[in-house]
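# Working through the structure, step by step
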Amino acid sequence: MDARSASVLRSILERSGYCTFHLAFGDGNVQHQKWRHFADRLDEPLHTLVELFLLQRAVDNNRAGELLGKVLSESLIEAGVLQSDGAAVRTTGLVLISFRSLLFFFELVLTPRVYFGMDSIALGLYQRPVPSGTTLDLCSGAGIQAMIAAQQARHTFAIEIDDRASAIARINLMLNQLDKRVTMINMPLEEYAASVTEPFDHIVFNPPQLPAPEGIDYPVGNGGADGLALTNRVLRLYLPHLAENGSIEFIGRGLGRDGNPIFIDELGALFAEHGVAGHAQLIGLSELRPGDRTYEVLVQMVAGTHNLSVERSHEIFENHFRALDKNEMYTFFMRGVKSPRADADDHSRPTVTNLAEVGKEWLA
Ligand SMILES: C[S@@+](CC[C@H](N)C(=O)[O-])C[C@H]1O[C@@H](n2cnc3c(N)ncnc32)[C@H](O)[C@@H]1O
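Residues numbered from 1 in each chain as written. Predicted model: local features only at pLDDT ≥ 70, side-chain atom pairs only at ≥ 80, totals over all residues. Heavy atoms only, no water.

Counting residues in each nonpolar core, the largest one holds 55 residues, and the members touching the most others are Phe53, Leu68 and Phe105. Considering each element in turn, this core owes the most residues, six residues, to helix α9 (residues 163-175). Leaving out residues up to four positions away in the same chain, leucine 68 has contacts with Leu9, Ile12, Leu49, Leu52, Phe53, Ser73, Leu76 and Leu82. Counting 34 residues, the second largest nonpolar core, distinct from the first, contains Leu138, Ile159, Ile203 and Phe250. (Core = buried A, V, L, I, M, F, W, Y, C linked by side-chain atoms within 4.5 Å. Buried < 20%, exposed > 50% of the residue type's maximum accessible area, 1.4 Å probe, protein only. Helix = DSSP H or I, 4+ residues; strand = E, 2+ residues; numbered from the N terminus. Contact = heavy atoms within 4.5 Å.)

Below is the structure:
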């Protein structure tokens, strides 16, 4: 898809009131039941645009051609946004929503490769872009964190391992006229680290972060045994590339025991090694036991995706957390600032704001 097609799509959506309709249910919302409930009272062309890009419904080929024009329809098919069965077109599992004034596609399917979720919203709200700085967005997905940062940064680099996510992110950049301000790189972040030469003023990342017992995998969420495997790797590889007074911001899940978020000390030790003073805000808490909502979701999801009984899945998680000696999982946002002149004590332990409450996953 080229810049011209992206600009035509943007102006069709703007003229129709598409973004305003979506925003009626909240910034970045995925309220599909509400979209569906209100869709029937919409006039054309908004009604068909909502059917196609929010409700993932099939739209007759001729109708889509009339609405989008032949060139745009074909370029959306070629770009992997739409698929056609000859008679009708529909999206390839994508929906098009708005968050922080940006318009973007992500996959609203059971196991998405182009992810957007509550964690994306939380980081999108907490991250503080650095005006005129150079930003690095790791694990970029649909590119939302990179685009938020790029509205103020001098230049942003976005790194994403998945080729489908990178391709959709490139479309999202064009839709928001940010393609010249963001360089999208389809590469594992481990490989990209070796080619970095200039320091970054701002590093932001929303990593895979679900704790995974041995032999268990999640399509986009595998955070290793304690949920922090990729986070630790990013900190080791990229803290050396943080500029003086530069900031690093991320979101994640970490394990604790009996009211003690033990993981903060582990992350704090890595910060201290690199002269970074940190602050963590705990925004959600689940108890790792049957009956806890988040715990049950994990158990059910793994049972479903690994073809296990729910009882067997329970047993796997119970053994896993017992072996780690942890009984809590926190969701958190963390920011670190490289401040070489700060007193050594400033680096000893991140300051912590604890807003976590059992049963709340993301407070944002
Ligand atoms: C939780 S999603 C976050 C997406 C986006 N940044 C957001 O906030 O919505 C994590 C992303 O990290 C990507 N990823 C996983 N391992 C990676 C790696 N080693 N290098 C680069 N990207 C990776 C996944 O493909 C996925 O798109």
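Parsing the protein into structural domains produces domain 1 (3-94) and domain 2 (102-354). For domain 1 and domain 2, the distance between their C-alpha centroids amounts to 31 Å. Counting residues at the interface gives 19 residues for domain 1 and 15 residues for domain 2. At the boundary of domain 1 with domain 2, total buried surface from both sides reaches about 1,400 Å², with 72% on carbon and sulfur atoms. The largest per-residue losses of area from domain 1 upon contact with domain 2 belong to Arg10, Val30 and Leu94, which jointly make up 35% of the total buried on that side. Where domain 1 packs against domain 2, one counts zero salt bridges. Listed by contribution, the elements that provide at least two residues to the side of domain 1 that touches domain 2 are α1 (3-16) and α3 (32-39). Among the elements that line the side of domain 1 that touches domain 2, the one with the most residues is α1, at five residues. (Domains from an automatic or database assignment. Buried area = accessible area lost by both parts, 1.4 Å probe. Salt bridge = Lys/Arg side-chain N within 4 Å of Asp/Glu carboxyl O.)

Turning to the sheet that holds strand β3 (residues 88-91), a few remarks are in order. Taken in spatial order, the three strands make up an open sheet running β1-β3-β2, and their pairing is antiparallel. Both outer strands of the open sheet, β1 (59-60) and β2 (82-84), are each paired with one neighbouring strand and no more. Bridging between β2 and β3 involves three bridges; their strand directions are antiparallel. Note on β3: the bridge partner recorded for serine 84 is valine 89. (Pairing = 2+ DSSP bridges.)

This paragraph deals with the pattern of salt bridges. Per the stated rule, a full pass over the model turns up 18 salt bridges. A salt bridge links glutamate 66 to arginine 63, with the shortest nitrogen-to-oxygen separation between them at 3.1 Å. Pair noted here: glutamate 66 and arginine 63 are both in helix α5 (residues 61-68), with a separation of three residues, about one helical turn. For arginine 63, a relative accessible area of 25% gives the class partly exposed. Note that arginine 349 and aspartate 265 form a salt bridge whose closest N and O atoms lie 2.6 Å from each other. Taken as a pair, arginine 349 in the loop between β12 (328-338) and β13 (351-354) and aspartate 265 in helix α12 (residues 263-273) lie far apart in primary sequence, 84 residues in all. Among the charged side chains, a salt-bridge network with shared partners connects Glu44, Arg63 and Glu66.

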